[in-house]
Amino acid sequence: MTRHDGDTERTFAALPPAGGRSFAQTWWGQAWLKALEDTALDNAQLKAGRRLARAGAVGAVSVRPGRLTAVVHDRDRTAHRADVLLEQLSPGQWDRFLDMTVERAGHVAALLDREMPPHLVEDAAAEGVDLLPGLGDLEPECDCGAWDHCGHTAALCYQVARLLDQDPFVLLLMRGRAEDGLLADLQRRSGASTVAPTTPEGVDAAEAYATGDILPPLPALPALPDEAGAPPSLDAETAPARGVDPAALEFLAARTAVRARDLLGEALRGAFEAELTIAQDAVRLAAGEAGQRAAAQEATSSQQTAGSRQTAASQQTAASQQAGSREAAFGRELTDRLADGSGRGREGLAAAVRAWRHGGVEALSVLDEEWRVEGEALARARAALASAWDADERPELRARANRWTAVGAPVQLRLGRDGRWWPYRKERGRWLPAGAATRDPATALASASASASAAELTGDTAAPGSGR
């Protein structure tokens, strides 16, 4: 990345081909693409833009106030200059945005961490400042002569979504302010707002009582810790009371700490999960760090058993091996408990854990549920499949309920009730999750195909069985 003209222009080197990955991972990157996709009148041009961006056809991207520019090459290597215009914020809007930002320390910290939390965007909107583009805000210009978004300007927008994922200051530069000047202005305003008061702190008690119906502002939200706290060890010389399982208590304490951190993160994001069923919670526990440790303890049991047969082992080594055997036994017991609690058995729990790690409750529902796609949902699904590939590139898919299976390949697409596509691949006769969900079926199928190829190289994929 290079900078020009007093830091009011940044040029980003051409990004490598996107392959099967999604173009936007962050919520603000997805909001950028939504503005593009809601504005463009021709879905075929969006599809062409996605294809060009995936192939790495977008050259270096120049970002400056109000304009994006890049050279985009067609499939025949013809070069076109593509520009996308975005209205800059007015001086008054920038003043309101900066004043709002310095009043909330979390907003400044988020920007410094290269993040754009939803509440920052919402607070800015409340001040009449729209940071993210909306319908019709991304204005295209291209030397190919198209009057609407063409494949070249769409490819530029898809590529910029990847840049926005890495650095939201790219969006602020488009809106008119460069990073260094913006941070310097924030620092000046922060200094001005933290001048020590010249009057004594506190208020008169009578005054406070008279204005008791006016609530003070809420305190600042706590910061999310980098990791969950570690509970104390229960390994003591005193024997546990009857009916008390110290290993199980340590496991539950560790998972409770992880869950507490997750709940805090959800509260800070303003998003809360529905209450889990016992079966779902068993999968969540198995997918967590403690569940992985239990699986690792069980996996090493055969090595520890072999080590215990060595006649030259000292008493200390024997004691260590005995402790390892106890841990391995606990790992097996814990895995069995969670398998029983989930109602799936060991193999079913392993598949459910893989789904959970790709998308939590939603991914678990897609793994378990087969539902009939009808009406508007079916029309949307068919339209998405028809526009995802060129006619000569479209794979042959066999539909059954919400599942589209590739003919002659161990890969499958599953449609969630929210309209997202989930990649699946067949391993040892069972359909297993192969990645996270995406709105683009071509991206999902590419992810499943890549996973299937990797599995074939490592020998993990057996011949297709009777699984659905």
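Preceding this paragraph is the structure being described.
Presented here is a report on the structure given in the accompanying data block. (Residues numbered from 1 in each chain as written. Predicted model: local features only at pLDDT ≥ 70, side-chain atom pairs only at ≥ 80, totals over all residues. Heavy atoms only, no water.)

## Points about the overall build of the protein chain
Rules: Helix and strand labels come from DSSP, where a helix needs a run of H or I of at least four residues and a strand needs a run of E of at least two; each type is numbered from the N terminus. Burial status follows relative accessibility: with a 1.4 Å probe on protein chains alone, a residue under 20% of its type maximum counts as buried, one over 50% as exposed, and anything between as partly exposed. Only heavy atoms matter for contacts: two residues are in contact if any of them lie within 4.5 Å across the pair. Only the protein chains shown count as covering a residue, and every accessible area follows the Shrake-Rupley method with a 1.4 Å probe.
Along the protein chain, the regular secondary structure elements total 17 helices and 11 strands. Out of the 468 residues belonging to the protein chain, those deemed buried represent 41%. A sequence separation of at least 24 residues applies to 66% of the contacts in the protein chain between residues at least 6 apart. Split by element, the accessible area of the protein chain, about 25700 Å² in all, is 52% carbon and sulfur.

## Some points on a nonpolar patch on the surface
Put simply, the rule is: Each patch is built from salt-bridge-free residues with over 30% relative accessible area, joining like charges within 9 Å and nonpolar side chains (Val, Leu, Ile, Met, Phe, Trp, Tyr) within 5 Å. For salt bridges, the criterion is a side-chain nitrogen of Lys or Arg within 4 Å of an Asp or Glu carboxyl oxygen.
Together, Leu234, Val244 and Leu249 give the surface a local cluster of nonpolar side chains, amounting to about 230 Å² of exposed area. Position of Val244 among the secondary structure elements: in the loop between helix 9 (205-210) and helix 10 (246-269).

## A closer look at the pattern of salt bridges
For the structure shown, the criterion picks out 28 salt bridges. Its salt-bridge partner being Arg284, residue Asp281 comes within 2.7 Å of it at the nearest N-O pair. Of this pair, Asp281 and Arg284 both sit in helix 11 (residues 278-287), separated by three residues, roughly a single helical turn. Here Glu427 ties to Arg425 by a salt bridge, and the two come within 2.1 Å at their closest N and O atoms. Summarising the burial analysis for this pair, Glu427 and Arg425 share the class buried. One network of salt bridges, in which partners are shared, links Lys47, Arg51, Arg75, Asp390 and Glu393.

## Side note on helix 5 (residues 118-126)
Since the α-helix turns once every 3.6 residues, residues separated by three or four places project in the same direction. The condition that has to hold: What the arc measures is the spread of directions leading from the helix axis to the C-beta atoms.
Within the sequence span of helix 5, burial applies to Leu120, Val121 and Ala124. For helix 5, the buried positions fall inside an angular range of 95° around the axis, keeping them on one side. In helix 5, the exposed positions angled more than 90 degrees off the buried face are occupied by Glu122 and Ala126. Remark: Gly128 follows helix 5 within two positions and exhibits a positive phi of approximately 80°.

## Side note on the nonpolar core
Applicable threshold: Nonpolar cores are built from buried Ala, Val, Leu, Ile, Met, Phe, Trp, Tyr and Cys residues. Side-chain atoms within 4.5 Å join them into one set.
Within the largest apolar cluster, 42 residues are counted, with the highest numbers of intra-cluster contacts made by Trp32 and Met174. Looking at this core, the element that brings in the most residues is helix 6 (residues 151-166), giving nine residues. In terms of nonpolar packing, the next biggest core, distinct from the first, is built from 23 residues, Leu334, Ala352, Trp356 and Trp422 among them.

## With respect to the packing of aromatic side chains
Our working rule: Working definition: rings of Phe, Tyr and Trp (its six-membered ring) pair if their centres are within 6.5 Å, and the pair is stacked with planes under 30 degrees apart, edge-to-face with planes over 60 apart, and tilted otherwise. Each ring is checked for a lysine NZ or an arginine CZ that lies within 6 Å of its centre and within 35 degrees of its normal; such an atom marks a charge sitting over the ring.
Under the criterion given, the structure shown has four aromatic pairs. Ring geometry for Phe23 versus Tyr158: centroids 5.1 Å apart, planes at 45°, classification tilted. Linking Phe23 in the loop between strand 2 (9-12) and helix 1 (27-39) with Tyr158 in helix 6, this pair joins segments that are 135 residues apart in sequence. With a relative accessible area of 6%, Phe23 lands in the buried category. Ring plane angle 85° and centroid distance 6.3 Å describe the contact between Trp27 and Trp28, whose orientation is recorded as edge-to-face. Overall, Trp27 belongs to the partly exposed group, its relative accessible area being 31%. Positioned above the aromatic ring of Trp94 is the side chain of Arg177, whose terminal nitrogen or guanidinium carbon lies 5.5 Å from the ring centre. The ring of Tyr424 carries the charged tip of Arg414 above its face, separated from the ring centre by 4.0 Å.

## Quick word on the sheet that holds strand 7 (residues 397-400)
Test applied: In this scheme, strands are said to pair when DSSP sees at least two bridges between them. Here the axes come from fitting lines to C-alpha atoms, over the contacting stretch only for helices, and the angles between their N-to-C directions go from 0 to 180 degrees.
Strand order in the open sheet formed by five strands is 7-8-9-10-11, and the pairing between neighbours is antiparallel. Sheet topology places strand 7 and strand 11 (430-433) at the edges, where each strand pairs with a single neighbour. The sheet shows a mean angle of 30° between the axes of neighbouring strands, direction not considered. Across the sheet, helix 15 (residues 345-368) is in contact with strand 8 (403-406), strand 9 (411-415), strand 10 (421-427) and strand 11; its angle to strand 11 comes to roughly 50°. Running at roughly 75° to strand 10, helix 16 (residues 375-388) makes contact with strand 7, strand 8, strand 9 and strand 10 of the sheet.

## Let's talk about the side chain of Arg50
Here is the rule: Distance and chemistry together define a polar contact, namely a pair of N or O atoms within 3.5 Å, with one atom able to donate a hydrogen and the other to accept it when in protein, and with adjacent residues in sequence counting only for side-chain atoms on both sides.
Within the secondary structure layout, Arg50 lies in helix 2 (residues 43-54). Take Arg50: its relative accessible area is 14%, and that puts it in the buried class. A distance of 3.2 Å separates polar atoms of two side chains, one belonging to Arg50 and the other to Tyr158. The contact partners of Arg50, leaving out residues within four places of it in the chain, are Phe23, Tyr158, Ser387 and Asp440.

## Structural notes on the environment of Pro117
Looking at the element boundaries, Pro117 is found in the loop between helix 4 (105-112) and helix 5. The residues contacting Pro117, other than those within four sequence positions of it, are Trp27 and Ala110.

## Structural notes on the environment of Val84
As for its placement among the helices and strands, Val84 is situated in strand 5 (residues 79-85). Overall, the relative accessible area of 1% leaves Val84 in the buried class. Placed 21 residues apart in sequence, Val84 and Val63 show a C-alpha to C-alpha distance of 9.9 Å.

## Section: the layout of surface pockets
Applicable threshold: Computed over the protein atoms alone on a 1 Å grid, cavities are sets of points where a 1.4 Å probe fits but cannot get out and pockets are open sets with protein on both sides within 12 Å along at least five of seven lines; a residue lines them when it has an atom within 4 Å of a point. Grid points are joined across faces, edges and corners, and a volume is the space filled by probe spheres set on the points. Residues were grouped as follows: Ala, Val, Leu, Ile, Met, Phe, Trp, Tyr, Cys and Pro as nonpolar; Asp, Glu, Lys and Arg as charged; and all remaining residues, including Gly, as polar.
Its boundaries defined by the atoms lining it, the largest pocket holds a volume of some 1400 Å³. Of all the elements, helix 16 adds the most residues to the lining of the largest pocket, at six residues. Residue classes in the lining of the largest pocket are distributed as 16 nonpolar, 12 polar and 13 charged.

## Regarding unusual backbone geometry
Most of the time, phi is negative for any residue but glycine, and the peptide bond is trans. Backbone geometry places Arg77, a non-glycine residue, at a positive phi of 75°. Residue placement: Arg77 occurs in the loop between strand 4 (67-73) and strand 5.

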